[in-house]
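So you can see what is in the structure, the chains are spelled out below.
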Amino acid sequence: MAVDELQAIIQRCQILEEADFKGEDFNLFQVAGQKCLEDGYAAQLLEVIQNEKNKVIIKNMGWNLISPLVRCIFTYKQEDDKREHCLRILDQLAQLCNPKELFLGLLEQIEQTSGEQVCQTVMLLLQPLQTVLLKLKNKKAYSVGLSLAMIMNQLTPLPVPYTKQQIQEDKLGLCQCCNAVVDFAKPFVDEVVKNMEKSSEYNDMELKEELIKFCMKSLKYPLLTAQLEQLEGIEEHPFRRFATEIIDILWNLGELIPLMFVHHKGKSAQWEDQEFADIERKNSADSLACLSYLLFVQHFGVECFPVVFSPSYLLLCNMTHIEVLLKRTEESVLSKGLDLFESCLLRMEDNSLLHHYLEFRDFINVPQDLVKIMTLCPMEHMRKKSLNILQLFIDKFDTEGKYTLFRCLLKTSNHAGVEGYIIKNIKDQIHLALTKEYNNIWFTGHHLISLLDLVLSLPEGAETDLLQNSDRIMASLNLLRYLVIKDRESDNQAGVWTALGKIEQNFLKPLRVGLNMSKAHYEAEIKNKKENRKEAHSSNTVCSVTVSGEKMLPMTTGMQLQVLHSALFTFDLIESVLARVEELIEVKTKAVMDENS
């Protein structure tokens with residue numbers, strides 16, 4: 001019987017001195033103890049462990065029971081008495097065993113767990129692990145750091161619940177586990193805070209650094225990808241609670257404000273391998289970006305934040321974080337970047353952001369990232385939000401800043417729709433310049449003419465793909481029509497009449513030639529398709545179309561004709577505006593000539 005075997009080993013070891021225990025004794029104790037657990041004699045094993053006479057034996061050998069004990073706990077149902085006995089054994093081992101040996105045993109058990117049992121195992125062992133760590137005197141900071149790192153490494157592969165239903169179900173127990181890990185860390189935070197008030201001993205600084213590392217890892221996972229908005233029907237949002245706790249730890253350690261303004265705080269690990277250094281830098285950037293989002297969008301810890309910084313300075317500090325978030329493709333992370341950018345911009349007055357800020361790399365990169373989201377993101381609500389934020393960003397700049405930003409976006413966007421949108425913004429600024437009393441040098445005169453060189457041009461002259469560039473061309477023609485009507489030749493305030501010859505040569509004439517060629521080509525295609533359809537057995541003959549290397553759905557001849565007629569309609573639209581512009585120029589030029597004659 002298993003209990004008898006265990007008792008025999010216990011009796012043999014009771015007469016030995018602690019130093020005389022041999023490897024064989026450890027093995028026999030482990031086998032007998034494991035057999036007791038597997039055969040359902042947990043109550044009897046508990047009695048053995050609680051017996052004062054066995055204290056020395058349990059101190060040295062008890063940690064060997066951790067692995068079979070954890071297996072048995074997961075075998076029994078919640079209400080089973082045997083499970084309760086196993087839990088009491090675990091508690092006793094935490095109190096009686098050699099802290100160093102038990103620490104390694106607990107950590108090994110956490111490391112070996114995987115899949116659906118990760119969170120269950122971590123939550124089961126957190127309390128005994130905390131008890132053991134609080135007993136440690138040597139290498140305490142290292143041991144706490146190793147424990148937190150091991151736990152976070154085990155949790156990180158698990159998917160983060162995102163929807164309301166997923167958070168409520170918490171199928172793998174991640175929400176509950178994250179908050180349990182924070183509670184596990186609190187005594188060590190309190191210890192550091194107390195010692196910081198007394199002195200700055202090296203050991204405590206080490207423990208502080210380990211706790212900061214834990215907070216940084218928590219910001220990257222799970223908080224970076226977690227849904228953090230208040231959800232109706234969830235009284236206490238687990239990730240919001242977790243975020244609050246992480247912010248509180250950073251505040252209590254005196255690191256919250258420094259981290260907000262210093263991108264690389266304190267000592268960073270010196271990696272010989274550049275790849276490791278790059279990974280650490282990226283992880284740090286992700287964590288700091290998430291911290292910024294928590295503070296400025298969700299307002300966690302905002303009561304601790306000093307109200308002395310200007311909105312433009314806060315935007316400057318956050319642009320690096322915004323760029324990090326906008327480079328990601330996951331909706332949960334991308335939305336945080338857009339929300340953070342919007343939040344920073346809404347704090348500012350229109351026209352208050354000085355053009356000098358565009359000298360910072362991030363102020364050029366971020367709007368380019370917005371353009372990529374507007375044109376490439378598969379989620380419509382993200383595309384629309386990006387467009388709104390781009391407009392908000394434009395509105396905040398002073399006149400020179402708007403001018404510089406427009407030039408940059410026209411050169412870098414490589415998207416006709418975006419270019420058309422920017423040209424519409426340019427038209428609005430010209431309108432303000434021509435109707436306001438103050439002197440606006442950036443959207444009139446030689447500065448405007450320089451900008452119009454970019455706007456009123458065709459990328460490849462008469463051979464430009466007019467269909468692909470139709471948005472840009474229509475916006476350019478509307479701008480030119482506005483200038484010809486609004487800016488009288490006698491005033492020439494905008495300067496368009498001085499540059500008219502160049503505009504006709506570089507834009508209007510090539511556009512007219514391009515339109516004639518395009519219309520002739522498409523009309524010939526329509527005629528060809530109609531003739532082919534008559535010859536075919538049926539009007540439902542299909543052809544395959546390849547776009548960007550991917551095969552699209554087959555198109556019938558009728559569908560192809562629809563596409564071709566739609567293209568012709570676009571050309572007619574462009575031609576009508578072009579004709580109106582040419583007519584206005586001719587009328588105004590003739591009127592001036594008549595006046596002069």
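It should be emphasised that the depicted structure is a prediction, and the values quoted were computed from it without experimental measurement.

## Observations regarding the overall build of the chain
Then, number 1: A count of helices and strands for the chain gives 25 helices and 4 strands.
Then, number 2: Taken over 597 residues, the chain has a buried fraction of 48%.
Then, number 3: In the chain, the proportion of contacts linking residues at least 24 apart, taken out of those at least 6 apart, comes to 74%.
Then, number 4: Per element, the accessible surface of the chain, about 30,600 Å² overall, is 51% carbon and sulfur.

## Some details on helix α7 (residues 99–112)
Then, number 1: The terminal C-alpha atoms of α7 lie 20 Å apart, and with 14 residues this matches the ideal 20 Å at 1.5 Å per residue to within 8%.
Then, number 2: Listing the buried residues of α7 in full gives L102, F103, G105, L106, L107, Q109 and I110.
Then, number 3: In the core, the buried residues of α7 are packed alongside α5 (66–75), α6 (81–96), α8 (118–135) and α9 (140–155).
Then, number 4: N-cap assignment for α7: the residue whose side-chain oxygen lies 2.9 Å from the backbone N of K100 is N98.

## Re the packing of aromatic side chains
Then, number 1: One pass over the structure, following the stated rule, counts 14 aromatic pairs.
Then, number 2: For the pair Y357 and F363, a centre-to-centre distance of 5.5 Å together with 45° between the ring planes defines the contact as tilted.
Then, number 3: Residue classification places F363 among the buried residues on the basis of a relative accessible area of 0%.
Then, number 4: Taken together, the ring pairs connect F341, Y357, F360, F363, F393 and F397 into an aromatic cluster.
Then, number 5: Its guanidinium or amino end placed over the ring of Y293, K336 lies 5.5 Å from that ring's centre, counting from NZ or CZ.
Then, number 6: Directly above the ring of Y482 sits K427, whose terminal nitrogen or CZ lies 5.2 Å from the centroid.

## Things to note about a nonpolar patch on the surface
Then, number 1: A grouping of V308, F309 and Y313 is seen on the molecular surface, where their side chains present a nonpolar patch of about 270 Å² in accessible area.
Then, number 2: Along the polypeptide, F309 turns up in the loop between α15 (274–296) and α16 (311–326).

## A word on unusual backbone geometry
Then, number 1: The residue after Y221, namely P222, is reached through a cis peptide bond having omega 10°.
Then, number 2: Looking at the element boundaries, P222 is found in helix α12 (residues 202–223).
Then, number 3: The residue K139 is not glycine, and still its phi comes out positive at about 55°.

## Details of the packing of helix α22 (residues 445–455) against helix α23 (residues 470–486)
When two helices pack together, their arrangement is given by the angle between their axes and by how far apart the axes lie.
Then, number 1: Contact geometry of α22 with α23 gives a least axis separation of 11 Å together with a crossing angle of 145°. Each of L452, L454 and V455 in α22 lies in contact with α23, whose residues at this interface are R472, S476, L479 and L483.
Then, number 2: Partitioned by chemical class, the residues of the contact of α22 with α23 number 5 nonpolar, 1 polar and 1 charged.

## Some details on the pattern of salt bridges
Then, number 1: One pass over the structure, following the stated rule, counts 28 salt bridges.
Then, number 2: R241 serves as the salt-bridge partner of D183, at 3.1 Å between the closest nitrogen and oxygen. One end of the pair, D183, is in helix α11 (residues 174–198); the other, R241, is in helix α13 (residues 238–252), with 58 residues separating them in the sequence.
Then, number 3: The residue D350 makes a salt bridge to K396 at a minimum N-O spacing of 2.8 Å.

## Focus: the environment of V192
Then, number 1: With respect to the helices and strands, the residue V192 is situated in helix α11.
Then, number 2: The class of V192 is buried, set by a relative accessible area of 1%.
Then, number 3: Remark: the alpha-carbon pair of V192 and M205, spanning 13 residues in sequence, is separated by 7.9 Å.

## Remarks on the environment of L93
Then, number 1: Within the secondary structure, L93 is located in helix α6.
Then, number 2: Judged by relative accessible area, which is 0%, L93 ranks as buried.
Then, number 3: In sequence terms L93 and L65 are 28 residues apart; their C-alpha atoms lie 8.8 Å from each other.
Then, number 4: Look past the residues within four positions of L93 in its chain and what remains in contact with it is I49, I58, G62, L65, I66, L69 and L102.

## Re the packing of helix α18 (residues 361–376) against helix α20 (residues 399–412)
Then, number 1: Packing of α18 against α20 brings their axes to within 11 Å, and their N-to-C directions diverge by 50°. Classed by the angle they form, the pair α18 and α20 counts as oblique. Two packed elements cross with a definite hand, and for α18 against α20 that hand is right-handed. Here I364, P367, Q368 and V371 of α18 come into contact with α20, specifically with L405, C408, L409 and T412.

## A few points about the environment of N252
Then, number 1: Position of N252 relative to the elements: it lies in helix α13.
Then, number 2: Residue N252 is classed as partly exposed on the basis of its relative accessible area of 42%.
Then, number 3: The residues contacting N252, other than those within four sequence positions of it, are V189, V193 and M196.

## Some points on the side chain of S332
Then, number 1: Position of S332 among the secondary structure elements: in helix α17 (residues 331–346).
Then, number 2: S332 sits in the buried class, given a relative accessible area of 11%.
Then, number 3: For S332, the side chain forms a polar contact with the main-chain oxygen of T225, separated by 3.4 Å.
Then, number 4: The residues touching S332, leaving out its near neighbours within four places in the chain, are Y162, L224 and T225.

## Thoughts on the confidence of the model for the chain
Then, number 1: Per-chain confidence: the chain averages 86 in pLDDT, with 88% of residues scoring 70 or above.
Then, number 2: pLDDT under 50 marks residues 264–271. Its contacts with residues more than four places away, or in other chains, come to 10 contacts.

## Some details on α9
Then, number 1: Helix length check: α9, at 16 residues, gives a terminal C-alpha distance of 23 Å against a target of 22 Å (1.5 Å per residue), a fit within 8%.
Then, number 2: Most of α9 sits out of view: 13 of its 16 residues are buried.

## A word on the state of the cysteines
Then, number 1: Enumeration over the complete set of coordinates arrives at 0 disulfides.
Then, number 2: Of the cysteine sulfurs around C177, a residue in no disulfide, the closest is that of C119, at 4.3 Å.
Then, number 3: Note on C344: no disulfide assigned, nearest cysteine sulfur contributed by C317 at a separation of 9.3 Å.
Then, number 4: Under the relative-accessibility criterion, C344 is labelled buried at 1%.

What counts and what doesn't
- Residues numbered from 1 in each chain as written.
- Predicted model: local features only at pLDDT ≥ 70, side-chain atom pairs only at ≥ 80, totals over all residues.
- Heavy atoms only, no water.
- Helix = DSSP H or I, 4+ residues; strand = E, 2+ residues; numbered from the N terminus.
- Buried < 20%, exposed > 50% of the residue type's maximum accessible area, 1.4 Å probe, protein only.
- Contact = heavy atoms within 4.5 Å.
- Areas by Shrake-Rupley, 256 points an atom, 1.4 Å probe, with all protein chains shown as cover.
- Expected span 1.5 Å × (residues − 1).
- Polar contact = N/O pair within 3.5 Å; in protein donor to acceptor, adjacent residues only side chain to side chain.
- Phe/Tyr/Trp six-rings, centres within 6.5 Å; stacked < 30°, edge-to-face > 60°.
- Lys NZ or Arg CZ within 6 Å of the ring centre and 35° of its normal.
- Patch = residues over 30% accessible without salt bridge, like charges linked within 9 Å, V, L, I, M, F, W, Y side chains within 5 Å.
- Salt bridge = Lys/Arg side-chain N within 4 Å of Asp/Glu carboxyl O.
- Axes fitted to C-alpha atoms, helices over the stretch in contact; angles between N-to-C directions.
- Nonpolar A, V, L, I, M, F, W, Y, C, P; charged D, E, K, R; others polar.
- Parallel < 35°, antiparallel > 145°, perpendicular 65-115°, else oblique.
- Left-handed = near helix turned anticlockwise from the far one by under 90°.
- pLDDT = per-residue confidence, 0-100.
- Disulfide = S-S within 2.5 Å.

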